[in-house]
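The chain contents come next:
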Amino acid sequence: MRKNIISSQGLKRKLLVAVALMAVLPLLACISLVSWYLVPKVGWRLDVSLAMFVSALIALTGFFVIKQVFMQFLSVTTEAKLIAAGDVSRKVEVGEYNDEVGDLGSALNQLTHRIRSNMDELKSYSDKTAQINFEIQKRVIVLSGLLQISSLISQGEDLGDILKLAAEKSRLLASSDVAFLLARESAEDAFSMKAAEGINSQYLFRVGLSPKEDLFPLFAHSGKPLILDAKESQKENLVAAFYEKFRLKNTLAIPIYVKGRVAAILGIGNARENFSYAKDDLDMLDIFAKQVGIAIENDILLHRIEKLEIKDALTGLYNEAFIRVRLEEEIKRAVAYQRPCALIIFDVDNFKNFYDNFGLLPTEVTLKKIAKLLSDSVSDIDRVGRVGNDEFA
C-alpha cells in the first residue's frame, strides 16, 4: 500500500521525500544525539557547532543540487509533452549542461529535428501530389472537351456550334482569360472572328484580319504557331499592333490548315505580366486545332455532297437545285430547236394549319402521298420536284 502511494505521487514529491530521508532526517538525528548526550556532558563546544553548521550546509547544498537536476529534468519532460502533443517547433534548451539530462535534451532536439524534416518532406510530396492531381484533372477536362467536339463532328452538327465549343474548351488551357477563333472568308483572304469565349470577350467579335495589315503574315503565312509571352517576342511595332487589336499581352495561336491553306486560327491569351507558355500548352492547343480543322473540312464535304444530291430525302422527288439546272437546260433546248416547254409550280393550301393541327408525322405522310400522286400523273420524260416546304414543280 505504501509503495503504491509513493509511486502515485509526482516526481517532485518523491524528490522531497528522498532529500528528507538522505539529508534532513540524519541531520535531525545528529542534532538530537548531540543535544541529548554530548552537550550535557562536555557543554556546548565551538567545534560541535561548527560541525553542525557544516553538516546543515552540506545537506542544503545537496538539496539545491538535486533541485537543479530535477528542474532541468522537469524542463525536458515539459518540452517532451508539448512535442508529443504535436508542437514539433519546440526545442529543449540544453545550455551548458553536459550530463545525462543534457544528453536526453540533445537527443530529443535531434528527434524533433528529424520529425520536422520528415514533415517538410511530406509536405513537399503533398504539394507535388496536389500539383500532379491538378494537372491530371486539367488533362481530363481537356480530353472531355475533345470528346465533345468529336461527338458534334460525328453527328454532323452546325459548324458554328462546333467552333464555339472548341473556343470554350481551349480557354481552359494555360489559365487563359480568353480564347478566340478566326476563320477565313471563302470569297476573300481576310479573316473574321467566328467564336470568342472568356472574360469580356465580346470586343473580339469586332476583330478581323485583312491582308493589308502587318499582323496578317504572322497568322496566315508564317507556317508556325504564334507565341507572344515573356520568353518569345516579336518586333515592337507588331506587339503594339497586336495588343491594340486583341488587348492581350500574351497569346498562343495556331494556324489551322485545310488542303494546304490556312482556313482558321485558334488562339488563347491573357493580360498577365511575366507569363510564359509551356510546351504542354502548345501540344494541347494543337490537338484542339486539328479537331477544328477536321470540323471545317467535314463541313466543306457536307456542302459539296448537298450540291451533288438531286433527290429530296422525304418524298424521293428531285430537289430544287436539280429542277433549276434541268429547267435551264430545257429552256436552252427549246430555244435551239424551237419547241415549247413548260414549268408548273404549285403549293398545298392551308399547309401550316394542317401541320399545327396534326403534327409532323401526318404531315410527312401527306407530302409523300402528294409526291406519289404527282409521279404517277406525268410521263417518263417529265421531271417532278419538291422545291419548297409545301411547294412542288
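### With respect to helix α11 (residues 360-376)
- Under the 1.5 Å per step criterion, the end-to-end length of α11 is 25 Å for 17 residues, consistent within 8% with the ideal 24 Å.
- Residues Thr 363, Leu 367, Ile 370, Ala 371 and Leu 374 constitute the buried set of α11. Seen along its axis, α11 keeps its buried residues to an arc of 100°; they face one direction. Exposed residues lying more than 90 degrees from the buried face of α11 are Leu 361, Lys 369, Lys 372, Leu 373 and Asp 376.
- The elements touched by buried residues of α11 are β7 (346-347), α10 (351-358) and β8 (391-392).

### Some words on the packing of aromatic side chains
- Per the counting criterion, the structure on display carries nine aromatic pairs.
- When the centroid spacing of 5.7 Å and the interplanar angle of 50° are considered together, the rings of Phe 191 and Phe 216 count as tilted. Remark: Phe 216 occurs in helix α6 (residues 216-220) and Phe 191 occurs in strand β2 (residues 191-198); sequence separation between them is 25 residues. A single burial state applies to Phe 191 and to Phe 216, both of which are buried.
- An aromatic cluster of at least three residues, connected via ring pairs, comprises Phe 180, Phe 219, Phe 242 and Phe 246.
- Of note, Arg 247 hangs over the ring of Tyr 203, and the distance from its end group to the ring centre comes to 4.4 Å.
- The ring centre of Tyr 318 lies 5.0 Å from the NZ or CZ of Lys 311, which sits over that ring.

### Topic: unusual backbone geometry
- Even without being glycine, Arg 247 reaches a positive phi, approximately 60°.
- Topologically, Arg 247 is positioned in the loop between α7 (236-246) and β5 (250-258).
- The exposure class assigned to Arg 247 is partly exposed, which follows from its relative accessible area of 46%.
- The phi dihedral of Gln 338 is positive, around 55°, even though this residue is not glycine.
- By relative accessible area, which is 67% here, Gln 338 ends up exposed.

### So, the confidence of the model for the protein
- On average, residues of the protein carry a pLDDT of 81, and 79% of them reach 70 or more.
- Every residue in residues 1-9 is under pLDDT 50, and counting partners more than four places away or in other chains gives three contacts.

### Looking at the environment of Leu 285
- Note on placement: Leu 285 falls in helix α8 (residues 279-308).
- Accessibility expressed as a relative area gives 0% for Leu 285, which makes it buried.
- Sequence separation of Leu 285 and Ser 170 is 115 residues, and the distance between their C-alpha atoms is 6.7 Å.
- Residues contacting Leu 285, with those up to four places away along its chain left out, are Ser 170, Leu 173, Leu 252, Ile 254, Leu 266 and Ile 268.

### Quick look at the pairing of β5
- Across the nine residues that make up β5, a large majority, eight, are buried.
- Relative to β5, strand β4 (residues 226-228) runs antiparallel, the two sharing three bridges. Paired with Leu 228 across the strands is Thr 251, a residue of β5.
- Sheet analysis places β5 next to strand β6 (residues 261-270), joined by nine bridges and oriented antiparallel. Paired with Ala 253 across the bridge in β6 is Gly 267.
- The hairpin turn running from β5 into β6, its antiparallel successor, is two residues long, and Lys 259 in that turn takes a positive phi close to 55°.

### Comments concerning the sheet that holds β5
- Spatial strand order, β3-β2-β1-β6-β5-β4: six strands in an open sheet with antiparallel pairing. The open sheet has two edge strands, β3 (208-209) and β4, and neither has a second partner.
- Of the strands in this sheet, β1 (178-184), β2 and β6 touch helix α5 (residues 159-170), which is tilted by about 50° from β2.
- Relative to β4, α7 is tilted by about 90°, and along the sheet it contacts β1, β2, β3, β4 and β5.

### Re the packing of α10 against α11
- Between α10 and α11, the least distance of the axes is 7 Å, while the angle of their chain directions is 135°. Relative to α11, the element α10 lies oblique. For the pair α10 and α11, the contacting residues are Phe 351, Phe 354, Tyr 355 and Phe 358 in the first and Leu 360, Pro 362, Thr 363, Thr 366 and Leu 367 in the second.
- Looking at side-chain class alone, the contact of α10 with α11 contains seven nonpolar, two polar and no charged residues.

What counts and what doesn't
Residues numbered from 1 in each chain as written. Predicted model: local features only at pLDDT ≥ 70, side-chain atom pairs only at ≥ 80, totals over all residues. Heavy atoms only, no water. Helix = DSSP H or I, 4+ residues; strand = E, 2+ residues; numbered from the N terminus. Expected span 1.5 Å × (residues − 1). Buried < 20%, exposed > 50% of the residue type's maximum accessible area, 1.4 Å probe, protein only. Arc of directions from axis to C-beta. Contact = heavy atoms within 4.5 Å. Phe/Tyr/Trp six-rings, centres within 6.5 Å; stacked < 30°, edge-to-face > 60°. Lys NZ or Arg CZ within 6 Å of the ring centre and 35° of its normal. pLDDT = per-residue confidence, 0-100. Pairing = 2+ DSSP bridges. Axes fitted to C-alpha atoms, helices over the stretch in contact; angles between N-to-C directions. Parallel < 35°, antiparallel > 145°, perpendicular 65-115°, else oblique. Nonpolar A, V, L, I, M, F, W, Y, C, P; charged D, E, K, R; others polar.

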